[in-house]
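# Observations on the three-dimensional arrangement
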Amino acid sequence: MCLIRAPSNLGLRPLHPGHVPGTWRAPQALSEAGLIEVLAPGRVVDLDRPAYSTEAQPGTRLRNGPAIRRFNLDLAEIVAGALGQGELPLIIGGDCSILLGALVAARRSGAVALVHVDGHSDFRHPGNYDVDAALGSAAGMDLALATGRGEPLLTQWPGIAGPLVADEAVVQIGERESRDADFAWPDINATAITRIDVFAAQELGVGGVSQKTRATLTRADCPYWLHLDVDVLDQTVMPAVDSPGSPGIDPDDLVAILSALAAGKRCIGMDVTIFDPDLDPTGDLARLLVSLLGRVLKQR
């Protein structure tokens, strides 16, 4: 395993004037909570923290868009190096926009599938919101961007033709708002993305979720990447996130689903995002996450 610490908060909006999202501190906080001792990675690689800005920038309606692209290109080089050495990259973010750099690296070797485990399907793109009304936050767009929807700044990457991942090669697990009347991105329902919202996950159980996910991965017939946004957990379990909510996937069920996927021979890497240590003053939630990740990755 190659542990990559990616301290980015670039894709998140400020929650109030002057606020700087604290997700950039997650790699340090989880390390202090025992992550390295629990996972025993072969090596650890650190990226520098990028500068966060709330200001609009020329040529883009994405908050911190150019910086997100630079950070992800740097991240892609590290992930590609790990993959080239036969290592399993585990990226600790950071916000959800770091998924793009992981997929850029993976795509250099061919097609890749994606299991997107997140309390939100992160499918905001110019087709379903007013880009002139406010700056867009890439952390709420990562799945849309990964499937080729959005500004070329974050959908077009050097040496890669087409989207980072095809719709039919994506499984989204955990969306909790898809059955709301005001669901923000209902157009995802017209795509070939396999969707297992939190209610379906509860109905199907671990076995049913795993079976449906495996069916999509089998059809894709290529290596796959795991994305975990910890807000997929219920806010009563994990409140230290940008957009907490209920219901969420049970922690033991989440471990069972992810551990089976992480142990799969075609799993090439994983990223973990959105934990905000600023909302965890005691450190208890960091220790909880370290324990969960240890259980998920024990067979790797």
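Higher on the page you've got the structure.
As the structure is a prediction and not an experimental result, all values here were calculated from the model.

With that out of the way, let us pick up the packing of helix α3 (residues 65-84) against helix α4 (residues 98-107). Helix packing for two helices is described by the angle between their axes and how far apart those axes are. Orientation of α3 relative to α4, taken along the N-to-C sense of each, is 45°, at an axis distance of 7 Å. The pairing of α3 with α4 is recorded here as oblique in orientation. Seen along the crossing, α3 lies across α4 with a hand that is right-handed. Between α3 and α4, the contacting residues are F71, N72, L75, A76, V79, A80 and L83 on the first element and I98, L100, G101, A102, V104, A105 and A106 on the second. When its residues are assigned to classes, the contact of α3 with α4 shows 12 nonpolar, two polar and no charged.

Evaluation of the coordinates by the stated rule reveals one aromatic pair. Relative to W185, the ring of F183 lies with its centre 6.3 Å away and its plane at 75°, an arrangement referred to as edge-to-face. Assigned by exposure class, F183 and W185 land together as buried. Across the ring face of Y129, the terminal group of R124 is positioned such that the distance to the ring centre comes to 5.5 Å.

Strands sit in the order β2-β1-β3-β8-β7-β4-β5-β6 across an open sheet of eight strands; the sheet is parallel. The sheet terminates laterally at β2 (43-46) and β6 (194-196), the two strands that pair on one side only. Here the strands of the sheet are splayed against their neighbours by 15° on average, with no regard to which way each runs. Here five bridges tie strand β4 (residues 113-117) to strand β7 (residues 224-229), and the two strands are oriented parallel to one another. Bridge pairing in β7 links V115 to L226.

What follows covers the nonpolar core. Core analysis: the biggest nonpolar cluster contains 101 residues, and L228, M270 and F275 have the highest contact counts within it. With near-sequence residues (within four places) excluded, F275 lies in contact with T23, A26, A29, L30, V230, M238, A240, D280, L285, A286 and L289.

Reading the values: rules and limits
Position numbers for residues count from 1 along each chain, tracking the sequence in the order it is written. Where totals are concerned, whole chains, interfaces and linings use all residues; where local detail is concerned, this predicted model gives features only for residues with pLDDT of at least 70, and gives and counts side-chain atom pairs only at 80 or more. Excluded from the side-chain calculation are hydrogens and water; included are all heavy atoms of the structure. Interaxial angles span 0 to 180 degrees and are taken between N-to-C directions of axes, which are lines fitted to C-alpha atoms, for helices over the stretch in contact. Here a strand is any run of E in DSSP of at least two residues, a helix any run of H or I of at least four, and the numbering for each starts at the N terminus. Should an angle fall under 35 degrees it is taken as roughly parallel, and over 145 as roughly antiparallel, whereas 65 to 115 is taken as roughly perpendicular and any remaining angle as oblique. Whether a crossing is left-handed or right-handed is set by the direction in which the near helix is turned from the far one by less than a right angle, anticlockwise for left-handed and clockwise for right-handed. Contacts: residue pairs with any heavy atoms within 4.5 Å of one another. Amino acids are sorted into nonpolar (Ala, Val, Leu, Ile, Met, Phe, Trp, Tyr, Cys and Pro), charged (Asp, Glu, Lys and Arg) and polar (every other residue, Gly among them). Two rings belonging to Phe, Tyr or Trp (six-membered ring only in the last case) form a pair when the distance between their centres is within 6.5 Å. Interplanar angles under 30 degrees mark stacking, angles over 60 mark edge-to-face geometry, and anything in between is tilted. Throughout this description, buried means an accessible area under 20% of the type-specific maximum (1.4 Å probe, protein chains only), exposed means over 50%, and partly exposed covers the range between. By the criterion adopted, a ring carries a charge over it if an Arg CZ or a Lys NZ lies within 6 Å of its centre and within 35 degrees of its normal. Note: two strands are recorded as paired if DSSP finds a minimum of 2 bridges between them. By nonpolar core we mean a set of buried residues, namely Ala, Val, Leu, Ile, Met, Phe, Trp, Tyr and Cys, connected to one another through side-chain atoms within 4.5 Å.

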